[in-house]
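Observations on chain architecture
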Amino acid sequence: MTRFRPTRVEVDLEAIRHNVRALKPEASELMAVVKANGYGHGDVAVARAALEAGATWLGVALVEEGAGLREAGIDAPILVLSELPPGSEREALARDLTPSLYSEVGLARLVEAAGERRVGVHVKVDTGMHRVGVFPPEEAPAFAERVAGAGLVVEGLWTHFARSEEDEATTKEQLSRFLDVGDEVRRRGISPRYLDAANSGATILHPEAHLDRVRAGIAIYGLEPGPGVGASLDLRPALAWRSAVTMVRRLPAGEAVSYGHRYRLERPSTLATVPVGYADGYVRLLSSRADVLIRGRRCRVAGSVTMDQLLADCGDLEVEPGDEVTLIGRQGDEVVSAEELARLSGTICYEVVTRIGERVPREHTG
Ligand SMILES: Cc1ncc(COP(=O)(O)O)c(C=O)c1O
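Parameters and conventions
- Residues numbered from 1 in each chain as written.
- Predicted model: local features only at pLDDT ≥ 70, side-chain atom pairs only at ≥ 80, totals over all residues.
- Heavy atoms only, no water.
- Helix = DSSP H or I, 4+ residues; strand = E, 2+ residues; numbered from the N terminus.
- Expected span 1.5 Å × (residues − 1).
- Buried < 20%, exposed > 50% of the residue type's maximum accessible area, 1.4 Å probe, protein only.
- Arc of directions from axis to C-beta.
- Contact = heavy atoms within 4.5 Å.
- Polar contact = N/O pair within 3.5 Å; in protein donor to acceptor, adjacent residues only side chain to side chain.
- Near = heavy atom within 4 Å.
- Areas by Shrake-Rupley, 256 points an atom, 1.4 Å probe, with all protein chains shown as cover.
- Nonpolar A, V, L, I, M, F, W, Y, C, P; charged D, E, K, R; others polar.
- Salt bridge = Lys/Arg side-chain N within 4 Å of Asp/Glu carboxyl O.
- Domains from an automatic or database assignment.
- Axes fitted to C-alpha atoms, helices over the stretch in contact; angles between N-to-C directions.
- Parallel < 35°, antiparallel > 145°, perpendicular 65-115°, else oblique.
- Left-handed = near helix turned anticlockwise from the far one by under 90°.

This next bit is on helix α8 (residues 168-187). Between its terminal C-alpha atoms α8 stretches 28 Å, which fits the 28 Å expected from 20 residues at 1.5 Å a residue. Thr171, Gln174, Leu175, Phe178, Val181, Gly182 and Val185 are the residues of α8 that are buried. With its buried residues spanning 120° around the axis, α8 presents them on a single face. Turned more than 90 degrees off the buried face of α8, the exposed positions are Glu168, Ala169, Asp183 and Arg187. Contact partners of the buried residues in α8: α7 (140-149), β7 (153-158) and β8 (194-196). By the N-cap criterion, in which a side-chain oxygen at the helix start approaches the backbone nitrogen of a residue two or three places on, α8 is capped by Asp167, the distance to Ala169 being 3.3 Å. Of the residues trailing α8, Gly189 is marked for its positive phi of about 90°.

This paragraph deals with the site of the ligand. By nearness alone, 13 residues border the ligand, and Tyr39, Ser200, Gly217, Ile218 and Tyr350 come closest of all. Tyr350 places a polar side-chain atom, nitrogen or oxygen, 2.6 Å from an oxygen atom of the ligand. Starting from 390 Å² of accessible surface for the ligand in isolation, the protein chains cover 92%. Going through the elements one at a time, α2 (35-39) and β9 (213-216) are the ones with two or more residues in the shell around the ligand. Looking at the shell around the ligand residue by residue, the classes come out as six nonpolar, four polar and three charged.

For the structure on display, the rule yields 34 salt bridges. Residue Glu10 is joined to Arg242 by a salt bridge in which the shortest nitrogen-to-oxygen separation is 2.9 Å. Here Glu10, found in strand β1 (residues 8-12), pairs with Arg242, found in strand β10 (residues 239-244); they are 232 residues apart in sequence, far enough to count as distant. For Arg242, a relative accessible area of 12% puts it in the buried group. A salt bridge links Asp167 to Arg163, with the shortest nitrogen-to-oxygen separation between them at 3.9 Å.

The assigned domain composition of the chain is domain 1 (13-222) and domain 2 (239-365). The distance between the C-alpha centroids of domain 1 and domain 2 comes to 38 Å. Counting residues at the interface gives ten residues for domain 1 and eight residues for domain 2. Scanning the region where domain 1 abuts domain 2 turns up zero salt bridges. At the boundary of domain 1 and domain 2, one finds three residue pairs in polar contact (both at pLDDT 80 or more). Elements supplying a minimum of two residues to the side of domain 1 that touches domain 2: α1 (13-23) and α2. Counting residues per element, the side of domain 1 that touches domain 2 draws most heavily on α2, which supplies three residues. Of the residues belonging to the side of domain 1 that touches domain 2, the class tally is five nonpolar, four polar and one charged.

Moving on to the packing of α1 against helix α3 (residues 43-52). Look at α1 against α3: their axes get within 8 Å of each other, and the N-to-C directions meet at 45°. The orientation of α1 relative to α3 falls into the category oblique. For the pair α1 and α3, the sense of crossing is right-handed. Judged by residue contacts, Leu13, Ile16, Arg17 and Val20 of α1 engage Ala45, Val46, Ala49, Ala50 and Glu52 from α3.

And the structure:
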């Protein structure tokens with residue numbers, strides 16, 4: 001279908017490659033986490049770029065996401081980061097997706113689906129995140145033994161940090177618990193090829209957690225796992241969100257605009273209409289708070305963001321229909337970052353980029 005609306009997300013794949021090269025430790029492999037459509041960037045294109053730059057694994061949340069990558073012809077190893085949902089085991093194995101495992105029922109289902117095959121699995125240990133994984137961690141070695149005893153191969157052992165971007169003590173504590181599990185598993189004669197723990201925060205801040213492989217998500221997209229984290233690495237944001245002005249009107253002082261008339265002009269001003277709304281993931285919380293860039297200048301979002309459109313207060317700027325609008329990214333000397341929109345809408349940059357809706361096309365360059 002021809003696209004008629006000028007709103008789109010641009011993704012610079014050279015930035016992804018640059019970030020993967022900057023993040024990959026010399027002595028460890030790197031798994032590029034491309035769940036949630038590559039954090040909103042387009043998973044197939046990001047996966048290819050990351051693999052070109054030296055990533056050796058991909059991480060997904062859903063069997064469906066892994067299957068999509070396979071359908072696109074990607075044959076690199078793919079880890080499903082949660083246990084396979086009941087009924088998905090055969091599909092996952094047929095697609096050569098690597099399962100995570102951490103429950104007895106999950107083990108039983110996988111053994112049945114695997115039949116005679118010696119399927120490689122990655123045992124997830126809960127060392128303090130308390131979301132999924134074998135808990136308490138001291139039970140993980142016995143679980144790994146049961147996995148191996150059932151004819152599967154314990155290819156990996158992994159855990160996930162709760163606060164790696166912000167708190168050293170809990171991260172070190174989690175790592176220490178995990179390394180104890182690794183030692184005990186090996187003592188019992190099982191030698192996983194991979195021990196891994198580090199998300200982006202730990203990849204950047206905790207070299208001692210790099211182990212055999214890091215699992216980097218947000219930082220490969222050039223975004224910060226936490227305020228200021230990664231600043232020294234010169235990571236490049238890969239995503240820009242752009243649109244174009246569809247209509248311009250000059251309004252006198254005293255006029256109020258958009259639903260609820262919550263934004264009243266104190267001076268005569270030029271208002272530009274932009275075809276982006278909360279149905280695209282530009283949340284209503286940004287109403288009258290965020291800026292968009294037009295002609296290299298910051299223009300405040302005027303009043304309520306509506307479902308499909310927003311208004312920008314351009315003051316006395318000469319603006320014309322067709323002028324480019326940048327919602328996230330650089331325009332001239334100005335930048336609006338995903339981190340800035342996150343601050344203004346009370347969330348994290350992960351949510352800002354993953355909530356950009358499906359109806360916004362992703363265009364890849366580089
Ligand atoms: C299990 C797991 N590993 C790794 C990651 C990547 O984390 P980050 O994006 O902070 O690098 C995530 C993301 O949420 C995850 O859930």
